[in-house]
Amino acid sequence: ILNVEQSPQSLHVQEGDSTNFTCSFPSSNFYALHWYRWETAKSPEALFVMTLNGDEKKKGRISATLNTKEGYSYLYIKGSQPEDSATYLCASTGGGNKLTFGTGTQLKVEL
Amino acid sequence: KAGVTQTPRYLIKTRGQQVTLSCSPISGHRSVSWYQQTPGQGLQFLFEYFSETQRNKGNFPGRFSGRQFSNSRSEMNVSTLELGDSALYLCASSFTDSGYGYTFGSGTRLTVV
């Protein structure tokens, strides 16, 4: 993996469904993995920053895991709500403030 | 506390012109980074300034430049605009140099016609 890749590109789920997205990143020269939530016409909002292999973070119904050896992270949303509709971005960094972003997963939660 | 402020929010320019975008970071943040987002592309890193010095630079042509002032406010300049420069430009500020506490502004939408 040379770039940060996210899948799927978009996702439509029903309210109450649980869902997950994948972020793949170069495992060499890795320092941290960031997840952001970006709603239309707003600023990207930081969700998690993870650095250690095996890290798990949780914020309400959203959680994330990190595998630095194989270069992937999962973001889980339990019991999706319409307000979870947004684009979810991941970014990796080898240190410093230069983040390399994936193209995002666009989530739409329907009633 | 006030967030990261970018001005203007929207801008329309003609090919060949130049443009300057402004970013005021959160008070106390000394690092300001700039990103470009075009349709179908992820956020692409342009450059980072820390204490008035450019610390990192992305893979963009020399038409893209920036600077940071002593109060940490940053400006980004694009000269000889091309249609492909139409994009959303985001800046982010941080207190640290480790990517933690990275806070984004709402962006400037530049349209080149």
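Placed above this text is the structure.
Residues numbered from 1 in each chain as written. Chains lettered and ligands numbered in written order. Predicted model: local features only at pLDDT ≥ 70, side-chain atom pairs only at ≥ 80, totals over all residues. Heavy atoms only, no water.

**Some thoughts on the pairing of strand β3 (residues 19-24) of chain B**
Next, step 1: Bridging between strand β1 (residues 5-7) of chain B and β3 of chain B involves 3 bridges; their strand directions are antiparallel. The partner of Gln 6 of chain B across the bridge, within β3 of chain B, is Cys 23 of chain B. (Pairing = 2+ DSSP bridges. Helix = DSSP H or I, 4+ residues; strand = E, 2+ residues; numbered from the N terminus.)

**Topic: the sheet that holds strand β8 (residues 72-77) of chain A**
All names here are of chain A.
Next, step 1: Across the sheet, 5 strands lie side by side as β1-β3-β8-β7-β6; this open sheet has antiparallel pairing. For this open sheet the edge positions go to β1 (5-7) and β6 (56-59), each flanked by a neighbour on one side alone. When strand polarity is set aside, the average angle formed by the axes of neighbouring strands in this sheet is 15°.
Next, step 2: Inspection of the sheet shows strand β3 (residues 19-24) paired to β8 by 6 bridges, in the antiparallel sense. Bridge pairing in β8 links Cys 23 to Ser 73. (Axes fitted to C-alpha atoms, helices over the stretch in contact; angles between N-to-C directions.)

**Looking at the interface of chain A and chain B**
Next, step 1: Taken together, the contact between chain A and chain B spans 18 residues of the former and 26 residues of the latter.
Next, step 2: Here chain A and chain B share an interface that buries about 1,600 Å² over both sides, 56% of which is from carbon and sulfur atoms.
Next, step 3: Summed over the shared surface of chain A and chain B, the result is 0 salt bridges.
Next, step 4: Put simply, chain A and chain B have 6 residue pairs in polar contact (both at pLDDT 80 or more) between them.
Next, step 5: Of all the secondary-structure elements, those providing two or more residues to the side of chain A that touches chain B are β4 (32-38) and β5 (45-50) of chain A.
Next, step 6: With 3 residues, β4 of chain A is the largest single contributor of residues to the side of chain A that touches chain B. (Contact = heavy atoms within 4.5 Å. Buried area = accessible area lost by both parts, 1.4 Å probe. Salt bridge = Lys/Arg side-chain N within 4 Å of Asp/Glu carboxyl O. Polar contact = N/O pair within 3.5 Å; in protein donor to acceptor, adjacent residues only side chain to side chain.)

**Regarding the sheet that holds β1 of chain B**
Residue and element names in this part refer to chain B.
Next, step 1: Pairing within the open sheet is antiparallel, and its 4 strands lie in the order β1-β3-β8-β7. On the outer flanks of this sheet lie β1 and β7 (64-68), each paired with one strand and no other. Across this sheet, the average inter-strand angle for adjacent strands is 20°, counted without regard to direction.
Next, step 2: As paired strands, β3 and strand β8 (residues 74-78) are joined by 5 bridges and run antiparallel to one another. In the strand pairing of β8, Leu 21 is matched with Met 76.

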